[in-house]
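Listed here are the chains, written in short residue letters.
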Amino acid sequence: MTIASACGKIILLGEHAVVYGRPALAAPLPDLRATAAASDLAEGEPGSVCIEAPDIELAAWLHELSPDQPLAVIVRLTRQALAIEKHPPLALRVQSSIPVASGLGSGTAVSVAVLRALSAHWGHPLAPERQSALAFEVEKLHHGTPSGIDNTVVAYEQPVYFVRGDATQPFPIGAPFTLVLGDTGLRSNTSMAVGMVLQAWQAEKERFEALFDRVAGTVALGRKAIEQGDWATLGEAMDKNQQLLQEIGVSSDELETLIETAKQAGALGAKLSGAGMGGNMIALAETGMEPILPGYTHLQQAQPVRAAHWVLSHFWPLHRDLVRLGRAASSAGSLPLGSGALAGCPFPVDRQWLMEALGFSQVSENSLDAVADRDWAVEMAFSGALLGVHLSRLGEDLVKCLAL
Ligand code: MEV
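Residues numbered from 1 in each chain as written. Predicted model: local features only at pLDDT ≥ 70, side-chain atom pairs only at ≥ 80, totals over all residues. Heavy atoms only, no water.

Compared with an ideal rise of 1.5 Å per residue, which puts 16 residues at 22 Å, helix α2 (residues 106–121) spans 22 Å between its outermost C-alpha atoms and is within 8% of the ideal. Of all 16 residues making up α2, 14 are buried, and the element is well covered by its neighbours. Phi for Gly123, located one or two positions after α2, is positive at around 80°. (Helix = DSSP H or I, 4+ residues; strand = E, 2+ residues; numbered from the N terminus. Expected span 1.5 Å × (residues − 1). Buried < 20%, exposed > 50% of the residue type's maximum accessible area, 1.4 Å probe, protein only.)

Here helix α9 (residues 307–332) crosses helix α12 (residues 375–403) at 165°, and the two axes come no closer than 9 Å. Relative to α12, the element α9 lies roughly antiparallel. The chirality of how α9 crosses α12 is left-handed. (Axes fitted to C-alpha atoms, helices over the stretch in contact; angles between N-to-C directions. Parallel < 35°, antiparallel > 145°, perpendicular 65-115°, else oblique. Left-handed = near helix turned anticlockwise from the far one by under 90°.)

Here the focus is the domain arrangement of the chain. Looking at the assigned domains, one finds that the chain contains domain 1 (2–163), domain 2 (178–285) and domain 3 (295–403). Each of domain 2 and domain 3 has a C-alpha centre, and the two are 35 Å apart. (Domains from an automatic or database assignment.)

Okay, unusual backbone geometry next. Despite not being glycine, Ala83 has its phi angle at roughly 55°, a positive value. Its place among the elements puts Ala83 in the loop between α1 (70–81) and β5 (90–96). In the Ramachandran plot, Ala101 falls in the positive-phi region, its phi being about 45° despite a non-glycine side chain.

Here we come to the nonpolar core. By size, the foremost hydrophobic cluster in this structure holds 88 residues, and its most contacted members are Leu12, Ile51, Leu92, Val114 and Leu234. Element by element, the count of residues in this core is highest for strand β2 (residues 24–40), at nine residues. Counting only domains with at least three residues in this core, you end up with domain 1 (2–163) and domain 2 (178–285). Sequence-distant contacts of Leu92, defined by excluding residues within four places in its chain, comprise Ala36, Ala37, Ala38, Val49, Cys50, Ile51, Glu52, Val75, Val114 and Leu118. (Core = buried A, V, L, I, M, F, W, Y, C linked by side-chain atoms within 4.5 Å. Contact = heavy atoms within 4.5 Å.)

Set out below in structure tokens:
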């Protein structure tokens, strides 16, 4: 089995204007990753690929997928790039910890992880430049007129200063700085946002060109600030960029609320990141403000830890709880009505209508399974119990803090 992964990304400054030839700065998110695992199958037609992507509930053979399905496209493009036609039947499993459609490059990371896994599995790993070019082909199919910044930062996995059509330029970072990511929870559709800006630009070219020039000014300011480690100026550049993104029309009430909250909490600057209209915002935290706490083990002080480290130790289990509860809700959303005692009702039942009227999300597939199935109850009970354990752990830490 060959496993490969690729990172998510944030746009620090310059989104949207970058599509119109202005510069932008982007950075990788190395801890948020998409992973692809390729392994040969003992049985199957030569050249066949069985694709599993549980995050999007996909399990299908390549030939069953629509030709423009992003996973199908990247598998075919990789085969073409490597001039591989007939290969042993293959299983490809794709998973991602990057929230989808939230401006963090999840689609691009999946493309790059898949092409990395396939090219390494077939013995011809591709250089970042070719990885970026192949992932760009998928972006073009799905985002209309992408600038190419997303595939560049993900394939090179380095901070980049990007100008459409120019050679990729990594840029030096003067000193570490801390960004906080805030998710609106609203999905953001890049092609829709990019398309909307295109329409607005077509209607008012002069105004939008002037806005894009001013965005370019914030990128220049931010780049210099990063090189010099001048975080106050970087915050200023982010704020100015956000005002311009508002004028361009890609912010949203939810983003503005998060940005305002971050600023009230002391952020040096904050802005949306990516296509906007939902998705994520980034806020620049003041440096040197991270409190250090004593870490405890067996009720004894052990290593010192950053407060953020502790906060995130509770964030991650709760995040897993949210995902688990979502899955349990989806299991419980399968309508069994119409299955009768075991083999259906003796009178006609419009199950689709019932499903919609009662707020279920799907109709059960098999009546014998539907009447016997208790998976949803077990999943709900387990998800609830584990949430309780995690909340109790948080409660115990807080009580301990108060006692200290
Ligand atoms: C998306 O991450 C960044 C946009 O500028 C689109 C692009 O550059 O392709 C909104």
